[in-house]
Structures are given as structure tokens and as C-alpha cells.
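Understanding the architecture of this molecule
Now for the letters of each chain:
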There are 2 protein chains.
Amino acid sequence: MRTESIEDYLKAIYDIQKEMGKVSTNSLSEKLNVAPASVTSMIKKLSLKKLLTYKRYQGVKLTKAGQKIALEIIRHHRLIELYLQEALGVPWDLVHDEAEKWEHVISEDLEERIDKKLGYPISDPHGSPIPKRDGTVIELDSIPLTDLKPGQTGEVAKVSDHDPKLLRYIGDMGLYPKAKVKVVSVEPFSGPLTINVEKNKYIIGSEAAQYISITNIKFSKSELI
Amino acid sequence: MRTESIEDYLKAIYDIQKEMGKVSTNSLSEKLNVAPASVTSMIKKLSLKKLLTYKRYQGVKLTKAGQKIALEIIRHHRLIELYLQEALGVPWDLVHDEAEKWEHVISEDLEERIDKKLGYPISDPHGSPIPKRDGTVIELDSIPLTDLKPGQTGEVAKVSDHDPKLLRYIGDMGLYPKAKVKVVSVEPFSGPLTINVEKNKYIIGSEAAQYISITNIKFSKSELI
DNA sequence: ATTATATTTTAGTTTGGACTAAAAATTAAA
DNA sequence: TTTAATTTTTAGTCCAAACTAAAATATAAT
């Protein structure tokens, strides 16, 4: 059987795998908010179902079958997020939580209808790519805003959607995907950055800035962008 | 806690209460497709939570609190059904199953948005009334098509949405809510009825006809409607 | 290389919600 | 009014998925 819990594990594994390479028991425990021991037992089950491979004490890796399911759920999630925003005007800091539940119960048929209505979009409101039904994903590479040097410009590729409060903060500065940013200065010791967003100047803490991914990075001689 | 299972029980109890008066263990068992023993134990739990009252061997009755939850879920269900049809073109025989799952995970906020977008509708695609958020429902009274006598006319109030195949059959005859019907003849021993639907003549078995509720019944002298 | 710390796994419980089989209560039939 | 049939409840299991506490392994520090 394919329970909601299993889907959540596979999705979490996929995410961690992508952004940190290795998927440890602890990282899963933290991401899913369950005890490490619970993770271990679920891992065993998923391994039996051939959805992932693992060696004791050495982390897990999704199999083809496991990845297929993970991507299917992620696809649901992102299409739903975009649909909620576009069709129903749900603010971008709320779409995640709503999608988190709906993604497990939507039918493929309805998903197809939504996909069509949206015109087969390629990314969600936070800039993450929407996997195709066949399992292909185009991850465009980007680096955290905190890695830019003063004088560099770029555009927002995506932002983390894990915390509504953070999203609201980011949104207030206009830091949506595709927004042009320039780093004016960076304070040392993980201090705040001074940035320009489409001509407006802001100061943002590195804590928040690390959740904003930038692409298309260049040096700009001009004062503006 | 308020689990999906609990919500399903309360909804089922509300439905049965409305259309059969008494809610027995067996009727619930059948409607929910679970063993009678399972129903008994769930009833005990719901009783402890003060969502219903019951005396052993004598059926159950929702409390105010129980009814409130039931109506909330039914409201979700019906709004979702209508939304799926109107906004996404999901055919009317499929909206039920989709809503059956979504109804448990939709937020009140999103529901409000959907309600607004639909213009605060009062009934779903099958003719059932949509409860208000405060728990009021206007059930318009109607009788099964099988209870009409030859020569009587009326209009479709609602149809049962429990079986997609049945709905497709009914839909093919144009028997949507508000459609005008005239009973031309009825064969004895629960035989088929000959009816006119908006000028078209059909023969329908009583098995199917009993799931169609009619309102606004009159006698018509004319050949047509 | 040992010890200390951190991570992961085992072992054993708990909880929700289902199940079967058998007993008890109710209702219907002879 | 006894017997038979139906309905409902007990009693005891099972499974998924979480938990805690304690043991095992791996990694880091001295």
C-alpha cells in the first residue's frame, strides 16, 4: 500500500538527497518531525518495498521506483501551489501548507485538468520546477544569496517555502522569482546584506538570505542594476 | 483529535439520520463498508467525545457538537463538488469521489475563497443543499420518482451521487436538477416507468428511478409537460 | 589509541482503527 | 411462548506508524 506517510518519507528523502547529497536518519527525523527510531523502522519497510536502498548506519538512496513516487508527489504539490495562487488567489505564504495535504489525495485526472488550465507551467510560485508526469525535472542551478559578493547582480531563482513568516518577509521586499537583485554590501561574520531589489534598497539578515537562491550572476559597474 | 475516520462516521450518521430516521449499527456498517463490530467500537469513542449519544442496541443520535462537524464536512464536500464541476470541468459522475478525499483536508480559508468564487451557491451539482458555515441547511422536501403516479409531473430536486455509473445513466437522460419530468406510465411489481424528460421519452427501471427525487409535483392534462 | 560524543539501531510500548469469532440482546416466526 | 433469525456487542488480534529507553556503531577529540 501507498500511505500518506510513505509518500512524505519519499518526498523528504528526495529533497534532502538533492540539496545535501547524503540522506541520514537524523536529517529525515528532523525534516519530518519524527523520532530517529521511527525513521529507522520506516526505512526498513521502504527498503523491503524496494523503494530505496540502504546499508545500516550509512544513509539511504531512492531507487527508480521510489524516485518515481517522490516526483509524482512533488509534481502534485507544485502544481497545486501554483493553481491555488493563480485560480483562487491564495497568498504565496499559504499555498504550501494547503498543498501539503491536498497533494496526497488528488487524482491524476484532476491533476491533468489543473495542469492544462495553467497552460502546462514549468515552475511553482516559489520558483521550484514542476516535474513532468514522466518524471523529468529541470533543476536550474543557483546559489544562495549569501554567496554573492558585493557588486554582483543576479535574479531570484527560487525561495524556500518552508516558513510562511519568512515568505511574507521575502515577499514584502519583492523578492519573487525572476526579480533582479544587486548585492551592495555584506557585513562580516554572517552579518546582514545590503541589497537592491528592482531599484529599492533593503537590508536583509543572512539567516533569511540563505533561503533565497540566485541565478544568472554577473558583475555590474553601474550604481543601479 | 479529529481524524478522517471520525469525520466519515459523523457524516454517515447525519445522512442516515436524515433519510431513515433511526441510525443502526448495521446501517452504518454497510454505508461505511466496515464490520459491525468496528462500528460499535467507534460509536463508543464518539460517545465519550460527546459527539453523539447512544444506548446499547438502540442506535445513535448526533449531539449538537457532532452535527456541527458533520455539517462542516458535508459543506466542504458539496462546495468542492460544485467547484470541480464549474471551475475545472470535472464531469458530474466523478466529482463525488474526488470531493470525498479533499473534503477532509481543505482549510476553512480556502473553502471561503471557493464559496466566494462560486457566488455563495445553495446547492451542489446533484441538487443537494450546501449547508451554511453556521450550520443551517435548507432541505427542500421531495419524493422518489417511483412514488409518482402516471400523469403527474414535477421537477428533479436531487439525485443520489453514490454511484458514478448510475449518474452517467441519469445524466444521459437529461435528468439533472431542475429538469421537468412527467410520468407517463408505471409497470406493476416495481416495473419500469415510462417518463418524459423535457419532451424526450425514456424508459427507466425502478431501481434507478428510486434514486431520483422529485419536487413541485402536479397533475398535467396535456400530452406534453 | 583511547575515550568521549554523536548517530543509528534494537527492543518494547502505545494508539487508532480495522478485523474475526463468539456471546448477548432484540425481534420475528411458529 | 418458545424457538429461530437477526442485530449488536464483547473479547481478542492485527497492522501502520508513532513513541521511549537502552544498546550498538561510527566519528571526533585528546
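My aim in this report is to walk through the structure given alongside it, one point at a time. (Residues numbered from 1 in each chain as written. Chains lettered and ligands numbered in written order. Predicted model: local features only at pLDDT ≥ 70, side-chain atom pairs only at ≥ 80, totals over all residues.)

**Focus on the relation of the copies chain B and chain A**
Selection rule: When the copies are overlaid, the least-squares fit takes in C-alpha atoms only where the residue has pLDDT of at least 70 in both copies. Residues are defined as contacting one another if the C-beta atoms placed from their backbone atoms lie within 7 Å.
Each copy superposes on the other: chain B lies on chain A with an RMSD of 0.0 Å after a rotation of 180° and an axial shift of 0.0 Å. Expressed as an axis order, the relation between the two copies is that of a two-fold axis. When each C-alpha of chain B is compared by its distance to the rotation axis, B:Trp102 comes out closest, at 3.2 Å. A shared interface surface links the copies, since 100% of the contact residues of chain B are contact residues in chain A too.

**Describing the sheet that holds strand 6 (residues 193-197) of chain A**
Residue and element names in this part refer to chain A. Using the following cut-off: Strands are labelled as partners when DSSP assigns at least two bridges between them. Here a strand is any run of E in DSSP of at least two residues, a helix any run of H or I of at least four, and the numbering for each starts at the N terminus.
The 6 strands are arranged 3-8-4-5-6-7 in an open sheet whose pairing can be described as antiparallel. Two strands in the sheet have a free side with no partner beyond their single neighbour: strand 3 (143-144) and strand 7 (200-204). Where strand 5 (residues 180-186) and strand 6 come together, 5 bridges link them in antiparallel fashion. Among the inter-strand pairings, Val186 is bridged to a residue of strand 6, identified as Leu193.

**Examining the interface of chain B and chain A**
Reports of interface size often rely on the accessible area that becomes lost once the parts have come together. We apply this condition: Each residue receives one of three labels: charged for Asp, Glu, Lys and Arg, nonpolar for Ala, Val, Leu, Ile, Met, Phe, Trp, Tyr, Cys and Pro, and polar for the others, Gly being one of them.
On the chain A side, the residues contacting the 13 residues of chain B number 13 residues. If one sorts the elements of the side of chain B that touches chain A by residue count, helix 6 (residues 108-117) of chain B sits on top with 4 residues. For the side of chain B that touches chain A, the class distribution of residues is 7 nonpolar, 2 polar and 4 charged.

**Examining the nonpolar core**
Stated formally: The nonpolar core is taken to be a set of buried Ala, Val, Leu, Ile, Met, Phe, Trp, Tyr and Cys residues joined by way of C-beta atoms within 7 Å. Counting other C-beta atoms within 10 Å of each residue's C-beta, where C-beta atoms are placed from the backbone, gives the exposure class: buried for 20 or more, exposed for 12 or fewer, partly exposed between.
Ranked by size, the top nonpolar core spans 62 residues in total, and within it A:Ile212 and B:Ile212 carry the most contacts. Excluding anything up to four places from it in sequence, B:Ile212 contacts B:Pro144, B:Leu145, B:Val156, B:Val159, B:Ile170 and B:Leu175.

**A word on the protein's contact with DNA strand C**
Test applied: Using a C-beta atom placed from the backbone for every residue, we mark a residue as near a molecule or strand if that atom lies within 6 Å of it.
The full set close to DNA strand C counts 18 residues, and A:Ser24, A:Asn26, A:Ala37, B:Thr3 and B:Ala37 are the nearest of them. Elements with a contribution of two residues or more to the surface near DNA strand C: helix 2 (25-32) and helix 3 (36-48) of chain A together with helix 1 (4-20) and helix 3 (36-48) of chain B. Looking at the surface near DNA strand C residue by residue, the classes come out as 9 nonpolar, 8 polar and 1 charged.

**Re the packing of helix 4 (residues 64-88) of chain B against helix 5 (residues 95-102) of chain B**
Residue and element names in this part refer to chain B. To keep it simple, the criterion reads: Comment: axis = line fitted to C-alpha atoms, over the contacting stretch for helices; angle = value between 0 and 180 degrees taken between N-to-C directions. Each angle is binned into one of four classes, with values under 35 degrees roughly parallel, values over 145 roughly antiparallel, values of 65 to 115 roughly perpendicular, and all other values oblique. Rotating anticlockwise by less than a right angle from the far helix to the near helix defines a left-handed crossing, while the corresponding clockwise rotation defines a right-handed one.
Contact geometry of helix 4 with helix 5 gives a least axis separation of 9 Å together with a crossing angle of 130°. The orientation of helix 4 with respect to helix 5, classified from their angle, is oblique. In this structure, helix 4 meets helix 5 at a crossing whose hand is right-handed. Every residue of helix 5 that contacts helix 4 at His77, Ile80, Glu81, Leu84 and Gln85 is listed here: Val95, His96, Glu98, Ala99 and Trp102. In terms of residue class, the contact of helix 4 with helix 5 is built from 5 nonpolar, 3 polar and 2 charged.

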